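Residues per chain are reported as follows:
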Amino acid sequence: MAKDPGRVLIFDTTLRDGEQSPGAGLNLEEKLAIAKQLARLGVDVIEAGFPFASAGDFAAVQRIAQQVGGEHGPIICGLARASRADIKACADAVAPAPWRRIHTFIATSDIHLEHKLCKSRKDVLAIVPDMVSYARSLIEDVEFSCEDAVRTDPEFLYEVIEAAIAAGATTINIPDTVGYTTPSEFGTLIAGINQHVSNIGEAVISVHGHNDLGLAVANFLEAIKNGARQLECTINGIGERAGNASLEELVMVMHVRRRYFNPFLGRNENSPTPLTAVHTKELTKTSRLVSNLTGMVVQPNKAIVGANAFAHESGIHQDGVLKNRLTYEIIDACTVGLKDSRISLGKLSGRSAMRARLEELGYCLARDDLDEAFARFKELADRKREITDRDLEAIVSDQVQQPEARFQLKFVQVSCGSSSRPTATVTLADEEGGENTISAVGTGPVDAVCHALNLLADIPNNLVEFSVKSVTEGIDAMGEVTIRLRHDSSLYSGHAADTDVVVATAMAFVNALNRLVAGQKRRPLHPQKDPIVLGAKPTL
Ligand code: KIV
Ligand code: ZN
């Protein structure tokens with residue numbers, strides 16, 4: 001690949017760095033659904049996971065490589081620490097994709113060398129070419145990252161980058177691992193790399209950044225101005241701690257302010273050629289899919305995809321917008337795929353019409369799940385006047401969520417009111433189909449339901465988050481519930497929707513319990529926090 005691809009490449013890491021957010025763990029079906037939607041969105045690279053982490057992670061990357069990578073599809077990439085076993089597992093997992101990449105990394109800052117890796121700069125300078133050339137012997141497209149680049153001595157950083165490129169790295173990634181830098185500093189760092197690394201012309205410069213100070217997107221924009229041509233980002237900005245740079249914000253800045261950025265890419269200011277290959281109309285749909293499947297709620301005032309991003313509450317604004325949209329709007333909501341999504345599916349609509357609409361929304365359900373979704377759709381059509389895309393998304397996201405569920409909610413009933421003690425009765429089925437029913441009281445109906453479910457499931461946990469919001473407007477709207485449970489210092493989220501919020505609560509709680517059980521079995525390695533153990537074999 002030439003140094004400058006002539007546009008900005010979008011490297012999506014929702015399924016790798018995004019999935020490292022506490023409580024955002026995804027199962028294989030969910031990862032596949034997101035990867036398919038990312039391909040529709042038009043990202044250039046999908047970082048599908050860290051294959052060495054566990055058998056489940058390997059299988060997910062491999063399935064994505066088989067089913068989402070294609071002749072005209074995105075590059076499928078896997079992450080590997082700078083170790084032979086990691087790199088080999090990664091190469092094997094991405095092998096089915098015609099366009100595949102190994103992304104290998106090692107920390108380069110003194111603080112990481114001393115306290116995490118217990119290695120010297122000299123050691124790192126020996127490991128980097130060794131591992132990059134090993135990766136190159138397996139796959140042609142190799143990305144190398146200097147973890148914590150922003151806090152690395154620039155002179156040492158240049159040396160490491162030069163060695164990585166000489167060994168065959170085709171993309172060099174500069175991460176702000178701890179979200180510490182500021183726009184002008186980051187721009188200067190990228191300019192310095194361009195100036196001082198003699199062979200930089202042989203690789204694409206990429207940037208990766210966390211949002212601890214809320215500057216990730218701004219930092220990336222300055223990096224583009226100084227020569228970066230690949231941005232590593234996530235949908236809804238999810239990721240470790242305060243998250244990663246948000247894909248939708250970056251793409252829309254470059255869409256709306258194309259004339260400003262064109263000259264930095266050597267183009268005429270008025271060039272109409274888009275700066276990225278992303279289909280902006282897919283942004284809203286992708287954001288909802290990721291939010292529904294990860295249980296990571298998008299804040300209402302989030303730029304581009306927040307519920308309020310296109311709402312004009314105040315009378316003065318509404319008046320202006322009605323006279324001329326441009327008075328207060330810089331983006332037409334249709335550009336990001338946010339339009340009146342009322343669909344003509346109703347009580348009499350058939351299964352295939354519903355399936356077609358679901359596929360357009362990014363949900364490809366297996367036969368049984370589709371039957372279940374159709375039953376819920378019909379049930380909803382009896383209770384609700386109009387069914388929108390959002391309703392459909394809300395009812396099916398539970399279906400994609402739990403193929404290997406340990407518990408199934410069979411029944412829930414509550415009694416409450418001003419003069420009675422809130423009491424819930426619930427029935428749970430286990431994997432063998434055995435059913436157990438119990439009643440419990442609580443401070444309110446939600447507490448009573450959670451209490452009853454905990455008595456049946458018998459898995460210690462703390463409820464650390466409970467949120468409910470309506471899917472659409474109107475008195476007949478479905479309530480969407482998100483729950484987070486803490487168990488052994490890990491977080492697990494659950495998500496469900498129903499016109500009855502108490503039922504949605506019970507479903508979301510069971511969903512979180514199922515993820516907890518699955519997470520206990522999985523316990524994958526963390527690519528940045530777990531040390532490399534020489535001779536360790538992946539659990540494939
Ligand atoms: O934040 C970081 O440094 C990373 C690297 C593995 C690229 O995620
Ligand atoms: Zn990161």
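So, how was this worked out
Residues numbered from 1 in each chain as written. Chains lettered and ligands numbered in written order. Predicted model: local features only at pLDDT ≥ 70, side-chain atom pairs only at ≥ 80, totals over all residues. Heavy atoms only, no water. Patch = residues over 30% accessible without salt bridge, like charges linked within 9 Å, V, L, I, M, F, W, Y side chains within 5 Å. Areas by Shrake-Rupley, 256 points an atom, 1.4 Å probe, with all protein chains shown as cover. Salt bridge = Lys/Arg side-chain N within 4 Å of Asp/Glu carboxyl O. Helix = DSSP H or I, 4+ residues; strand = E, 2+ residues; numbered from the N terminus. Buried < 20%, exposed > 50% of the residue type's maximum accessible area, 1.4 Å probe, protein only. Donors = N, O, S within 2.8 Å, 3.2 Å for Na, K, Ca; no water. Pairing = 2+ DSSP bridges. Axes fitted to C-alpha atoms, helices over the stretch in contact; angles between N-to-C directions. Near = heavy atom within 4 Å. Polar contact = N/O pair within 3.5 Å; in protein donor to acceptor, adjacent residues only side chain to side chain. Nonpolar A, V, L, I, M, F, W, Y, C, P; charged D, E, K, R; others polar.

Enquirer: For this particular structure, what's the right way to read a nonpolar patch on the surface?
Expert: A cluster of nonpolar residues, Leu 463, Phe 466, Val 468 and Val 501, forms a patch on the protein surface that exposes about 300 Å² of accessible area. Examining the composition of the nonpolar patch, we find that 3 residues originate from one element, strand S12 (residues 462-470), more than from any other. Mapped onto the elements of the fold, Leu 463 is located in strand S12. Given a relative accessible area of 41%, Leu 463 falls into the partly exposed group.

Enquirer: Please clarify how the coordination of the zinc ion (ligand 2) should be interpreted in this entry.
Expert: Around a metal, the idealised angle for a tetrahedral arrangement of four donor atoms is 109.5 degrees; for an octahedral arrangement of six donor atoms it is 90 or 180 degrees. Here the zinc ion (ligand 2) is held by the protein donor atoms Asp 17 (OD), His 208 (NE2) and His 210 (NE2), which lie 2.0 to 2.1 Å from it. Linear spacing of the donor residues for the zinc ion (ligand 2) on their chain is D-x190-H-x1-H. Classification of His 208 as buried rests on a relative accessible area of 5%. Look at His 210 and you get buried, because its relative accessible area is 3%.

Enquirer: Which parts of the structure should I look at to understand the sheet that holds strand S9 (residues 408-417)?
Expert: Note on sheets: strands pair through backbone hydrogen bonds, and any given pair is parallel or antiparallel. One open sheet accounts for 3 strands, arranged S9-S10-S11; its pairing is antiparallel. The sheet is open, and its two edges are formed by S9 and strand S11 (435-441), each paired on a single side. Strand-to-strand, the axes of this sheet are offset by a mean angle of 10°, without reference to chain direction. As paired elements, strand S10 (residues 420-429) and S11 share 7 bridges and run antiparallel to each other. Bridged to Thr 425 within S11 is Ser 439.

Enquirer: I keep staring at the site of ligand 1 and nothing clicks. Help me out?
Expert: Every residue near ligand 1 is listed here: Arg 16, Asp 17, His 103, Phe 105, Ser 145, Glu 147, Asn 173, Pro 175, Thr 177, His 208, His 210 and Gln 528. Between an oxygen atom of ligand 1 and a side-chain N or O atom of Arg 16, the distance comes to 3.0 Å. Interatomic distance of 2.6 Å between a side-chain N/O atom of Thr 177 and an oxygen atom of ligand 1. Protein contact buries 100% of the 260 Å² of open area that ligand 1 shows by itself. Those elements that place two or more of their residues in the shell around ligand 1 are strand S4 (100-107), strand S5 (142-147) and strand S6 (171-176). A per-class count over the shell around ligand 1 returns 2 nonpolar, 7 polar and 3 charged.

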